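Chain residues, written in single-letter form:
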Amino acid sequence: MGTSITSWDDVSAYFTFADNPLALALFALGASAIVVWLIVSIIRHENAAFDAHKK
Amino acid sequence: METTPTLESLQAQLNAQQAVFEMHQAMNVEVFYWWCTAIMIMIHAGFLAYEMGASRSKNALAAGIKNILAVAVIIPTFYLFGWWIYNAFPGGFIPQDASAALPWAKSMGPDVKDMGTGIFWAAFALFGATTGSILSGAVIERIRVSAFLILTVFLGSAIWILAGAWGWHPDGWLLTDLGYHDVGASGVVHAVAGFFTLGVLMNLGPRKGKFIDGIAQTIAPHSLPMTLIGLMMIIFGFFGFLGGCIIFNGGDTGWTTIYNTPTNLSAFAFNTLMGFAGGIIGCYLATRDPFWTMSGGLVGIISVAAGLDLYDPALAFIIAAVMGVVAVQFAKLLERYGIDDAVGAVAVHGFTGAVAVILVGVFAAGTPNVDNPAISFAGQLIGALVMILVGFVPGYALSLLLKSANLLRVPEACEEIGIDEVEILAKPYPEASTPASRPSDVPNKLANTDLQGA
């Protein structure tokens with residue numbers, strides 16, 4: 001579905017969705033979201049863990 | 001029957017051989033940086049062992065998980081915006097067109113005709129991961145993992161690479177205006193990371209019990225041997241790092257520095273090893289302490305890295321030995337001001353890195369650049385100050401922001417119990433309380449022949 005080539009003749013960038021900047025931007029956004037979500041999830045985990053060990 | 005070669009057929013054969021040669025040359029470039037990148041992973045194995053060992057056992061896994069996640073967040077963020085920053089900001093704070101380095105560009109992925117971008121991006125991403133990890137050891141045992149990750153993303157994927165754009169990029173203003181020379185990243189990586197760390201430490205505060213009535217106490221590492229081995233692994237990884245700092249050119253140019261001046265791996269080999277040895281001796285003489293003696297290897301390499309291509313090896317050895325002594329004094333000075341740097345990162349990386357940049361201006365002033373001003377003391381001094389500020393200001397500001405949101409430091413109760421118990425939910429040594437003399441429940445098959453073959 002995502003291939004950007006139909007033949008190996010005179011190929012340059014050949015990775016999935018290379019010819020679709022919008023899709024690449026969406027994937028970049030998705031990758032950013034994973035990093036942000038990781039940090040948010042750690043903050044939430046920490047808050048819950050700290051609450052459970054309050055003096 | 002043999003045909004007589006014509007001029008055209010000979011030319012065709014020559015062109016074919018030339019094409020094969022150029023392809024293999026491009027592949028050699030890729031192979032070289034591929035292995036530099038792989039060797040740099042050893043830096044992270046080293047940081048992992050070093051920081052877990054430097055922690056008390058109640059915080060060992062929290063220190064380790066920080067290191068693992070640091071690499072995992074810096075690599076994608078360096079892809080998403082770090083590489084773009086390097087290419088967009090060589091002129092200062094105003095970006096130039098670098099759309100080819102954006103994550104949705106065609107050039108930022110597998111390309112049959114591009115045998116450079118990916119491998120250079122990878123080496124730089126690992127430089128970034130190294131830079132981000134320099135912060136990691138200093139803040140152990142009291143920083144929140146989340147806060148560390150936010151800070152390390154800024155440091156490893158934005159701050160240092162901005163300094164890299166200024167001091168490493170062929171169009172970087174420090175080079176074009178001042179002739180700045182920092183081939184082994186003493187300034188753009190180590191000084192930036194070290195002074196970023198200082199800014200964070202000022203807001204983070206010392207570990208509980210580090211200072212009693214203002215007097216610094218020793219908080220002993222739970223595994224000094226693991227720390228020493230980790231440091232030696234970092235030294236191994238440094239050879240990948242420094243190899244990645246040299247440019248493997250196509251054509252008949254050969255090796256050059258990032259400033260396009262001629263050099264070779266032999267030059268780097270002389271001074272990396274002499275610096276390594278000198279630093280160890282300097283730190284040993286200053287402390288007699290195993291941790292600092294091994295850290296001296298890092299001090300030594302960092303102290304000569306900026307001029308790795310230029311120094312007389314004996315001079316590099318002397319610089320490294322002297323810096324080994326001086327860096328220890330700087331670490332003591334920081335403690336006197338109430339800064340708790342658990343692994344001496346500010347002294348080893350920040351102070352040593354900045355001085356290393358200045359020393360190039362002392363010993364190698366007048367060395368010409370290619371189409372840029374010659375190396376000068378003033379240029380190096382200004383460059384070092386820029387690196388200090390580029391590191392310190394955002395480190396201080398970001399950590400202050402996190403502190404004001406109560407997101408920087410673990411609560412006191414957590415610090416007392418240990419972060420592993422509270423947050424990591426795992427124990428580094430679950431059987432540590434089991435006496436060694438306790439009889440084993442598992443039969444010893446070698447000692448009990450009746451059980452063999454049962």
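Residues numbered from 1 in each chain as written. Chains lettered and ligands numbered in written order. Predicted model: local features only at pLDDT ≥ 70, side-chain atom pairs only at ≥ 80, totals over all residues. Heavy atoms only, no water.

### With respect to the overall build of chain A
Next up, step 1: Secondary structure summary: chain A contains one helix and zero strands in total.
Next up, step 2: Here chain A has a C-alpha radius of gyration of 20 Å; the compact-globule value for 55 residues is 10 Å, and the former is much larger.
Next up, step 3: Seen along its three principal axes, the alpha-carbon backbone of chain A occupies a region of about 70 × 15 × 15 Å.
Next up, step 4: With 55 residues in all, chain A has 33% of them scored as buried.
Next up, step 5: Accessible surface, chain A as shown: approximately 3800 Å² in total, 66% of it carbon and sulfur. (Helix = DSSP H or I, 4+ residues; strand = E, 2+ residues; numbered from the N terminus. Rg over C-alpha atoms; globule rule 2.2 N^0.38 Å. Buried < 20%, exposed > 50% of the residue type's maximum accessible area, 1.4 Å probe, protein only. Areas by Shrake-Rupley, 256 points an atom, 1.4 Å probe, with all protein chains shown as cover.)

### Points about the overall build of chain B
Next up, step 1: Along chain B, the regular secondary structure elements total 14 helices and four strands.
Next up, step 2: Whereas a compact globule of 454 residues would reach a radius of gyration of roughly 22 Å, chain B reaches 25 Å, a difference of no more than 12%.
Next up, step 3: For chain B, the C-alpha atoms occupy an extent of roughly 90 × 70 × 45 Å along the three principal directions.
Next up, step 4: Taking all 454 residues of chain B together, the buried fraction comes to 54%.
Next up, step 5: Counting only contacts in chain B whose residues sit at least 6 apart along the sequence, the fraction spanning at least 24 positions is 78%. (Contact = heavy atoms within 4.5 Å.)

### Comments concerning the layout of surface pockets
Residue and element names in this part refer to chain B.
Next up, step 1: Of the pockets and cavities examined, the largest pocket occupies roughly 630 Å³.
Next up, step 2: Surrounding the largest pocket, 27 residues form its lining, Lys210, Phe291, Trp292, Glu335 and Ala342 being those nearest its centre.
Next up, step 3: Of all the secondary structure elements, the ones that give two or more residues to the lining of the largest pocket are helix 8 (265-287), helix 9 (290-305) and helix 10 (313-336).
Next up, step 4: Considering every element that reaches the lining of the largest pocket, the biggest residue donor is helix 10, with five residues.
Next up, step 5: Tallied by class, residues from the lining of the largest pocket come to 17 nonpolar, four polar and six charged. (1 Å grid on protein atoms, 1.4 Å probe; cavity = no way out; pocket = protein on both sides within 12 Å on 5 of 7 lines; lining within 4 Å. Points joined across faces, edges and corners; volume = space filled by probe spheres on them. Nonpolar A, V, L, I, M, F, W, Y, C, P; charged D, E, K, R; others polar.)

### A short note on the interface of chain A and chain B
One frequently used descriptor of interface size is the decrease in accessible area upon assembly of the parts.
Next up, step 1: Taken together, the contact between chain A and chain B spans 27 residues of the former and 31 residues of the latter.
Next up, step 2: Between chain A and chain B, the buried area comes to about 2400 Å², and carbon and sulfur atoms account for 72% of it.
Next up, step 3: A per-residue breakdown of the area chain A buries against chain B is headed by Phe15, Phe50 and His53 of chain A, which together make up 24% of the total.
Next up, step 4: Where chain A packs against chain B, one counts two salt bridges.
Next up, step 5: With its nearest N and O atoms 2.8 Å apart, the salt bridge here joins aspartate 10 of chain A to lysine 113 of chain B.
Next up, step 6: Inspection of the chain A/chain B interface yields ten residue pairs in polar contact (both at pLDDT 80 or more).
Next up, step 7: Residues of the side of chain A that touches chain B, tallied by class, amount to 18 nonpolar, five polar and four charged. (Buried area = accessible area lost by both parts, 1.4 Å probe. Salt bridge = Lys/Arg side-chain N within 4 Å of Asp/Glu carboxyl O. Polar contact = N/O pair within 3.5 Å; in protein donor to acceptor, adjacent residues only side chain to side chain.)

### Observations regarding the state of the cysteines
All names here are of chain B.
Next up, step 1: Scanning the model with the defined rule gives zero disulfides over all chains in all.
Next up, step 2: Sulfur of cysteine 245: no disulfide; nearest cysteine sulfur belongs to cysteine 36 and is 8.8 Å away.
Next up, step 3: You can call cysteine 245 buried: its relative accessible area is 0%. (Disulfide = S-S within 2.5 Å.)

### Overview of the nonpolar core
Next up, step 1: Phe124, Val139, Leu151, Trp160, Trp168, Val188 and Phe241 of chain B are the most contacted members of the largest nonpolar core, which has 131 residues in total.
Next up, step 2: Considering every element that reaches this core, the biggest residue donor is helix 4 (residues 145-167) of chain B, with 15 residues.
Next up, step 3: Of all hydrophobic cores here, the second largest spans seven residues; its members include Ala49 and Phe50 of chain A together with Ala62 and Cys414 of chain B. (Core = buried A, V, L, I, M, F, W, Y, C linked by side-chain atoms within 4.5 Å.)

### Looking at unusual backbone geometry
Next up, step 1: Unlike most non-glycine residues, phenylalanine 17 of chain A shows phi in positive territory, near 65 degrees.
Next up, step 2: With phi around 55 degrees, aspartate 213 of chain B is a residue other than glycine that occupies positive phi space.

### Some details on the packing of aromatic side chains
Residues and elements named next belong to chain B.
Next up, step 1: Scanning the model with the defined rule gives 30 aromatic pairs over all chains in all.
Next up, step 2: Through a chain of ring-to-ring contacts, three or more aromatic side chains come together here, namely Phe78, Trp83, Tyr86, Phe124, Phe127, Trp160, Trp168, Phe238 and Phe241.
Next up, step 3: Sitting over the ring of phenylalanine 148, lysine 66 keeps its end group 4.6 Å from the ring centre. (Phe/Tyr/Trp six-rings, centres within 6.5 Å; stacked < 30°, edge-to-face > 60°. Lys NZ or Arg CZ within 6 Å of the ring centre and 35° of its normal.)

### Looking at the packing of helix 9 of chain B against helix 10 of chain B
All names here are of chain B.
Next up, step 1: Direction vectors running N to C along helix 9 and helix 10 enclose 120 degrees, while the axes themselves pass 8 Å from each other. In terms of axis orientation, helix 9 runs oblique to helix 10. The element helix 9 and its partner helix 10 pack so that their crossing is right-handed. Each of Trp292, Val299, Gly300, Ser303 and Val304 in helix 9 lies in contact with helix 10, whose residues at this interface are Ala316, Ile319, Ala320, Met323, Gly324, Ala327, Val328 and Ala331. (Axes fitted to C-alpha atoms, helices over the stretch in contact; angles between N-to-C directions. Parallel < 35°, antiparallel > 145°, perpendicular 65-115°, else oblique. Left-handed = near helix turned anticlockwise from the far one by under 90°.)

### Some points on the side chain of threonine 227 of chain B
Next up, step 1: Mapped onto the fold, threonine 227 of chain B is located in helix 7 (residues 224-244).
Next up, step 2: Excluding its chain neighbours within four sequence positions, the residues that come into contact with threonine 227 of chain B are Ala49, Tyr50, Gly53, Ala54, Pro221 and Phe291 of chain B.

### A word on the environment of valine 200 of chain B
Next up, step 1: Here valine 200 of chain B lies in helix 6 (residues 186-204).
Next up, step 2: Between the C-alpha atom of valine 200 of chain B and that of leucine 408 of chain B, which follows or precedes it by 208 residues, the distance is 9.3 Å.

### As for the pattern of salt bridges
Next up, step 1: Inspection of every chain in the model, using the stated rule, returns twelve salt bridges over all chains.
Next up, step 2: The residue arginine 144 of chain B makes a salt bridge to glutamate 46 of chain A at a minimum N-O spacing of 2.9 Å. Here the residue arginine 144 of chain B occupies a position in the loop between helix 3 (117-138) and helix 4, and glutamate 46 of chain A occupies one in helix 1 (residues 21-52), the pair thus bridging two chains.
Next up, step 3: Under the relative-accessibility criterion, glutamate 46 of chain A is labelled buried at 0%.
Next up, step 4: The salt bridge partner of arginine 56 of chain B is glutamate 141 of chain B, with a shortest N-O separation of 3.1 Å. Placement of the pair is arginine 56 of chain B in the loop between helix 1 (7-54) and helix 2 (60-88) and glutamate 141 of chain B in the loop between helix 3 and helix 4, with a sequence separation of 85 residues.
Next up, step 5: Assessed through its relative accessible area of 22%, arginine 56 of chain B is described here as partly exposed.
Next up, step 6: Residue glutamate 141 of chain B is classed as buried on the basis of its relative accessible area, which comes to 4%.
Next up, step 7: Overlapping salt bridges bring together Arg56, Glu141, Arg142, Arg207 and Asp340 of chain B as one network.

### Looking at empty space enclosed by the protein
The method is simple in principle: a probe with the dimensions of a water molecule rolls over the atoms, and the space it marks as empty is what remains.
All names here are of chain B.
Next up, step 1: In the structure shown here, the tally under the stated rule is two cavities of 30 Å³ or more.
Next up, step 2: Each pocket or cavity is described by its volume, and for the largest cavity that value is around 50 Å³.
Next up, step 3: Asn59, Ala62, Ala63, Lys66, Ile140, Glu141, Ile143, Val145 and Ile419 are the residues that line the largest cavity.
Next up, step 4: Counting residues per element, the lining of the largest cavity draws most heavily on helix 2, which supplies three residues.
Next up, step 5: The residue makeup of the lining of the largest cavity, split by class, is six nonpolar, one polar and two charged.
Next up, step 6: If you go around the second largest cavity, the residues you meet are Phe47, Tyr50, Glu51, Ile134, Gly137, Val343, Ala345, Val348 and His349.
Next up, step 7: Looking at the lining of the second largest cavity residue by residue, the classes come out as six nonpolar, two polar and one charged.

Read these as spatial facts, not as claims about activity.
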